[in-house]
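Chain and residue survey
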Amino acid sequence: MTEQVGVNRSALVGAGILGFAGVTAAAASSHVGSDPRMLDAVATICLAHAPALLALALFAPRHVVLRVAALLLFAGAALFSTDVGMRALAYGRLFFMAAPAGGVVMLAGWLAVALSAVTMRRPAANP
């Protein structure tokens, strides 16, 4: 089987995982948990970052900074969402300061997206 050209599979998998988690959290917020606002926050973070990872899946194979950005965005969103989701469902915490750490990792990911604009090379013009 040939590899698809121009698609970062890792970012695509991350988008699918975050999309699935976001829809699940949105549905769960109306059925379970003591504080549905916490699950709403999980859904918002996941469903905001899933399409971003889809876009990065198309651009990241050609640019190392965008690959790093995709990794940071996925890791940060997963860390934040897992911790907040566990607290919302009364399972405790993932670990101390997991949600804030996830938030900082997401911020680093978005800064990496911005940095990619500075480090990206322009395509060569075809005569």
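I will try to describe carefully the structure that is included in this document. (Residues numbered from 1 in each chain as written. Predicted model: local features only at pLDDT ≥ 70, side-chain atom pairs only at ≥ 80, totals over all residues. Heavy atoms only, no water.)

The next point concerns the nonpolar core. Counting residues in hydrophobic clusters, the biggest one holds 21 residues, and the most contacted among them are Leu18, Leu53, Leu56 and Phe80. When residues of this core are assigned to their parent elements, the largest contribution, 8 residues, is made by helix α2 (residues 36-59). The residues contacting Leu56, other than those within four sequence positions of it, are Ala11, Pro61, Leu66, Ala69, Ala70, Leu73 and Val113. (Core = buried A, V, L, I, M, F, W, Y, C linked by side-chain atoms within 4.5 Å. Buried < 20%, exposed > 50% of the residue type's maximum accessible area, 1.4 Å probe, protein only. Helix = DSSP H or I, 4+ residues; strand = E, 2+ residues; numbered from the N terminus. Contact = heavy atoms within 4.5 Å.)

A complete count under the given rule lists 2 salt bridges for this structure. Between Arg87 and Asp83 there is a salt bridge whose closest N-O contact spans 3.3 Å. Linking Arg87 with Asp83, this pair stays in helix α3 (residues 64-88), spanning 4 residues, or about one helical turn. Given a relative accessible area of 0%, Asp83 falls into the buried group. The shortest N-O distance in the salt bridge between Asp83 and Arg93 comes to 3.3 Å. Of the two residues, Asp83 sits in helix α3 while Arg93 sits in the loop between α3 and α4 (98-119), which places them 10 residues apart along the sequence. On the accessibility criterion, Arg93 (39% relative accessible area) is partly exposed. Where salt bridges share partners, they join Asp83, Arg87 and Arg93 into one cluster. (Salt bridge = Lys/Arg side-chain N within 4 Å of Asp/Glu carboxyl O.)

With that out of the way, let us pick up a nonpolar patch on the surface. Together, Val32, Leu89 and Tyr91 make up a nonpolar patch on the protein surface, roughly 300 Å² of accessible area in all. Its location among the elements puts Leu89 in the loop between α3 and α4. Its relative accessible area of 34% is what places Leu89 among the partly exposed residues. (Patch = residues over 30% accessible without salt bridge, like charges linked within 9 Å, V, L, I, M, F, W, Y side chains within 5 Å. Areas by Shrake-Rupley, 256 points an atom, 1.4 Å probe, with all protein chains shown as cover.)

Next up on the list: the side chain of Ser81. With respect to the element layout, Ser81 can be found in helix α3. Setting aside anything within four residues of it in sequence, one finds Ser81 in contact with Val42, Ile45 and Cys46.

It is worth spelling out the side chain of Asn8 at this point. Along the chain, the position of Asn8 falls in the segment before α1 (9-29). Residue Asn8 is classed as buried on the basis of its relative accessible area, which comes to 11%. If near-sequence neighbours (up to four positions away) are discounted, Asn8 is found in contact with Ala57, Ala60, Pro61 and Arg67.

In a regular helix each residue adds 1.5 Å, so 24 residues correspond to 34 Å; α2 covers 35 Å between its end C-alpha atoms and thus fits that length. Where α2 is concerned, the buried positions are Leu39, Val42, Ala43, Ile45, Cys46, His49, Ala50, Ala52, Leu53, Leu56 and Ala57. Contacts from the buried residues of α2 go to α1, α3 and α4. (Expected span 1.5 Å × (residues − 1).)

A separate point is α3. Compared with the 36 Å implied by 1.5 Å per residue over 25 residues, the 36 Å span of α3 between its first and last C-alpha is a close match. Looking at the residues trailing α3, positive phi occurs at Ala90, about 65°.

With that settled, the discussion passes to the packing of α3 against α4. A pair of packed helices is characterised by two quantities: the angle between their axes and the separation of those axes. Their axes nearest at 7 Å, the elements α3 and α4 cross at an angle of 160°. With respect to α4, the axis of α3 lies roughly antiparallel. Handedness of the crossing formed by α3 with α4: left-handed. For the contact of α3 with α4, the per-class residue count stands at 20 nonpolar, 6 polar and 2 charged. (Axes fitted to C-alpha atoms, helices over the stretch in contact; angles between N-to-C directions. Parallel < 35°, antiparallel > 145°, perpendicular 65-115°, else oblique. Left-handed = near helix turned anticlockwise from the far one by under 90°. Nonpolar A, V, L, I, M, F, W, Y, C, P; charged D, E, K, R; others polar.)

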